[in-house]
Amino acid sequence: MKITAARVIVCSPGRNFVTLKIETDEGLTGIGDATLNGRELSVASYLDDHVIPCLIGRDPHQIEDIWQYLYKGAYWRRGPVTMSAIAAVDTALWDIKAKAAGLPLYQLLGGASRTGVMVYGHANGRDTEQTVDEVLRYRDMGYKAIRAQSGVPGLEKVYGVGKSTVFYEPADADLPSEHDWSTEKYLRHTPQLFDQVRAAVGPDIHLLHDVHHRLTPIEAARLGKDLEPFRLFWMEDATPAENQDAFRLIRQHTTTPLAVGEVFNTIWDCKGLIENQLIDYIRTTVVHAGGITHLRRIADLASLYQVRTGSHGATDLSPVCMGAALHFDLWVPNFGIQEYMRHTDETDAVFPHAYTFQDGFMHPGQVPGHGVTIDEAVAAKFPYQRAYLPVNRQQHDGTLWNW
Ligand code: KDG
Ligand code: MG
């Protein structure tokens, strides 16, 4: 089999998505997600200008060789743009290989290790009361694990809380919108939020929380300690992780489990965190960390240290990524949990998919390949619209902070 063509499809059914479609001389096609929120066109250009010309004529079965060629062959290694582009190729090639075999992708990875993939949903409210109601609503929808994010008194906009409680889309403006941040207000509010959420939902539901990189290590340590009575499944992105050693300080002070890694793009970003047992869950995902081929390498390293997977699954990761991630999750021995933020009806219409949700668990389906396709006619109705993620500034003096 030979690759005869590859195309980048950019569309915006409510938000921007970049999809790579690879075609072969045997008529089999595969697709991969290449969406990098707020930087979509950079990945599209990287694929169009530098990757696709190198793919034509290659054997699509040689997934590992093509991965190494794109990673080592560029000379310039790593980075979110490069790794998202490689991920799109890798995902499309796994799709083709599984279709050629007539098998759902998880069978090629080693088969199912579990009956379903436990996912967590997002309960968001403008205040504690609304957040508690939302958590109970998610429990009633069948979720076994729920992330709770709430507005903070004194802050107009907070990560994770949007206008609607159904869909949350932070990339909301033609130029970055600016939010105010106050660590003091957030740290005062969050422990009482989880006190009330835990009291309302009882002991059996897993509760999660995303700090979204906003604390210093010592502040994160204090929050982790304050949240211990409420038995969180995890505290996510407690502090920026460029300095992997920062997590040592958090770890020394709290038994609240730690998750990190949605912005990582290679195994090198996680190596110290995993080998030093500074985290409990690694959140790298298919699209931003080099595809299934590289994610498997990260998961295998993590398994040596009892670190489990907890892949990112926000709405800016397309259904193509979600489908591929669910095949990975069904197989990976050290699976922990998968994030699942529902896409809008427009997005689902562009990307028909075989995956299903039932009673808090998802399944990738039994369709050969990863089970997600793109309806290009519907996609063409939604042209690209520039959209940026917000930035944060300290409320008291306007200093730029982590969003
Ligand atoms: O594009 C950024 C989002 O994917 C991110 O803000 C979502 O933190 C996130 C999460 O945990 O889903
Ligand atoms: Mg997050």
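Residues numbered from 1 in each chain as written. Chains lettered and ligands numbered in written order. Predicted model: local features only at pLDDT ≥ 70, side-chain atom pairs only at ≥ 80, totals over all residues. Heavy atoms only, no water.

## Notes on helix H7 (residues 217-227)
Phase 1 of the analysis: If you check which residues of H7 are buried, you get Glu-219, Ala-220, Ala-221, Leu-223, Gly-224 and Leu-227.
Phase 2 of the analysis: On its buried face, H7 sits against helix H6 (183-201), strand S8 (234-236) and helix H8 (246-253). (Buried < 20%, exposed > 50% of the residue type's maximum accessible area, 1.4 Å probe, protein only. Helix = DSSP H or I, 4+ residues; strand = E, 2+ residues; numbered from the N terminus. Contact = heavy atoms within 4.5 Å.)

## A few points about the packing of aromatic side chains
In this description, an aromatic ring pair is defined by two values, namely the gap between the centres and the angle between the planes.
Phase 1 of the analysis: Considering all chains together, one arrives at 14 aromatic pairs under this definition.
Phase 2 of the analysis: Aromatic side chains Trp-181 and Tyr-186 sit 5.1 Å apart centroid to centroid with 45° between the ring planes, which places their arrangement in the tilted category.
Phase 3 of the analysis: With relative accessibility at 4%, the residue Tyr-186 sits in the buried group.
Phase 4 of the analysis: Of the aromatic side chains, those joined through ring pairs into one cluster are Tyr-120, Phe-233, Trp-234 and Tyr-281.
Phase 5 of the analysis: The cationic tip of Arg-58 hangs over the ring face of Tyr-69; the distance from NZ or CZ to the ring centre is 4.0 Å.
Phase 6 of the analysis: Between Arg-342 and the ring centre of Phe-357, over which it is positioned, the NZ or CZ distance is 4.8 Å. (Phe/Tyr/Trp six-rings, centres within 6.5 Å; stacked < 30°, edge-to-face > 60°. Lys NZ or Arg CZ within 6 Å of the ring centre and 35° of its normal.)

## A word on the site of ligand 1
Phase 1 of the analysis: Around ligand 1, 15 residues are found, and the nearest of them are Asn-37, His-212, Glu-262, Asp-316 and Glu-339.
Phase 2 of the analysis: Between an oxygen atom of ligand 1 and a side-chain N or O atom of Tyr-159, the distance comes to 3.0 Å.
Phase 3 of the analysis: Side-chain polar atom of Asp-316 to an oxygen atom of ligand 1: 2.7 Å apart, as the coordinates give it.
Phase 4 of the analysis: Coverage of ligand 1 by the protein amounts to 93% of the 330 Å² it exposes when considered alone.
Phase 5 of the analysis: Across the shell around ligand 1, the residue classes tally to 4 nonpolar, 4 polar and 7 charged. (Near = heavy atom within 4 Å. Polar contact = N/O pair within 3.5 Å; in protein donor to acceptor, adjacent residues only side chain to side chain. Areas by Shrake-Rupley, 256 points an atom, 1.4 Å probe, with all protein chains shown as cover. Nonpolar A, V, L, I, M, F, W, Y, C, P; charged D, E, K, R; others polar.)

## Here we look at helix H10 (residues 291-303)
Phase 1 of the analysis: Taking 1.5 Å of rise per residue, 13 residues should cover 18 Å, and H10 covers 18 Å from first to last C-alpha, within 8% of that figure.
Phase 2 of the analysis: The complete set of buried residues in H10 reads Gly-291, Ile-292, Thr-293, His-294, Leu-295, Ile-298, Ala-299, Leu-301 and Ala-302. (Expected span 1.5 Å × (residues − 1).)

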